[in-house]
Amino acid sequence: MITYNWVETQDYPFPDFAINKKCMKHDKLLQWQAKNQLSQEQWVEMSVRGPGSEEPILPMPEQLRKWSEKEDEERHQSMAA
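The notes below deal with the structure included here. Only a predicted model underlies this, so the values are computations on that prediction, with no experimental measurement involved.

**Quick word on the overall build of the protein chain**
Then, number 1: Scanning the protein chain from N- to C-terminus turns up three helices and three strands.
Then, number 2: Rg of the C-alpha trace for the protein chain: 17 Å, well past the compact-globule value of 12 Å for 81 residues, more than 25% over.
Then, number 3: In the protein chain, which comprises 81 residues, the share counted as buried stands at 9%.
Then, number 4: Sequence separation of 24 or more characterises 60% of the internal contacts of the protein chain that already satisfy a separation of 6 or more.
Then, number 5: In the form shown here, the protein chain has an accessible surface area of approximately 7300 Å², with 54% of it arising from carbon and sulfur atoms.

**Re the pairing of strand β1 (residues 3–7)**
Then, number 1: Two elements, β1 and strand β2 (residues 14–16), share three bridges in a ladder whose sense is antiparallel. The residue of β2 that forms the bridge with Asn5 is Phe14.
Then, number 2: The turn joining β1 and β2, which pair antiparallel and follow one another in sequence, is formed by six residues; a positive phi near 75 degrees is taken by Thr9.
Then, number 3: One ladder, built from two bridges, connects β1 with strand β3 (residues 57–58); its direction is parallel. Looking at β3, one finds that Trp6 is bridged to Ile57.

**Considerations on a nonpolar patch on the surface**
Then, number 1: On the surface, a nonpolar cluster with roughly 330 Å² of combined accessible area is contributed by Ile2, Tyr4 and Phe17.
Then, number 2: Topologically, Ile2 is positioned in the segment before β1.

**Comments concerning the pattern of salt bridges**
Then, number 1: Evaluation of the coordinates by the stated rule reveals four salt bridges.
Then, number 2: With its nearest N and O atoms 2.3 Å apart, the salt bridge here joins Arg65 to Glu8. Remark: Glu8 occurs in the loop between β1 and β2 and Arg65 occurs in helix α3 (residues 62–80); sequence separation between them is 57 residues.
Then, number 3: Residue Glu55 is joined to Arg49 by a salt bridge in which the shortest nitrogen-to-oxygen separation is 3.2 Å.
Then, number 4: Using a relative accessible area of 43% as the deciding quantity, one classes Arg49 as partly exposed.
Then, number 5: Through salt bridges that share partners, Glu45, Arg49 and Glu55 make up one connected network.

The rules behind these values
Residues numbered from 1 in each chain as written. Predicted model: local features only at pLDDT ≥ 70, side-chain atom pairs only at ≥ 80, totals over all residues. Heavy atoms only, no water. Helix = DSSP H or I, 4+ residues; strand = E, 2+ residues; numbered from the N terminus. Rg over C-alpha atoms; globule rule 2.2 N^0.38 Å. Buried < 20%, exposed > 50% of the residue type's maximum accessible area, 1.4 Å probe, protein only. Contact = heavy atoms within 4.5 Å. Areas by Shrake-Rupley, 256 points an atom, 1.4 Å probe, with all protein chains shown as cover. Pairing = 2+ DSSP bridges. Patch = residues over 30% accessible without salt bridge, like charges linked within 9 Å, V, L, I, M, F, W, Y side chains within 5 Å. Salt bridge = Lys/Arg side-chain N within 4 Å of Asp/Glu carboxyl O.

Following this line, the structure appears as structure tokens:
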């Protein structure tokens, strides 16, 4: 299972891969997922509304921030060329 959190600079909740757990009853997890999954329309609505006033917004992890800034810089350089 992967949880998602609002992270600064992201339009959608960002996956948190830091959870290190093992499911003992995988079939129960799959049943829960099928019952609770979000549709594509719900994801779009979530992006449009953004985080609620009570939802925390986490800072971007430093390594991901550096990678993102490097990608942006390279994209701008290739567009200017």
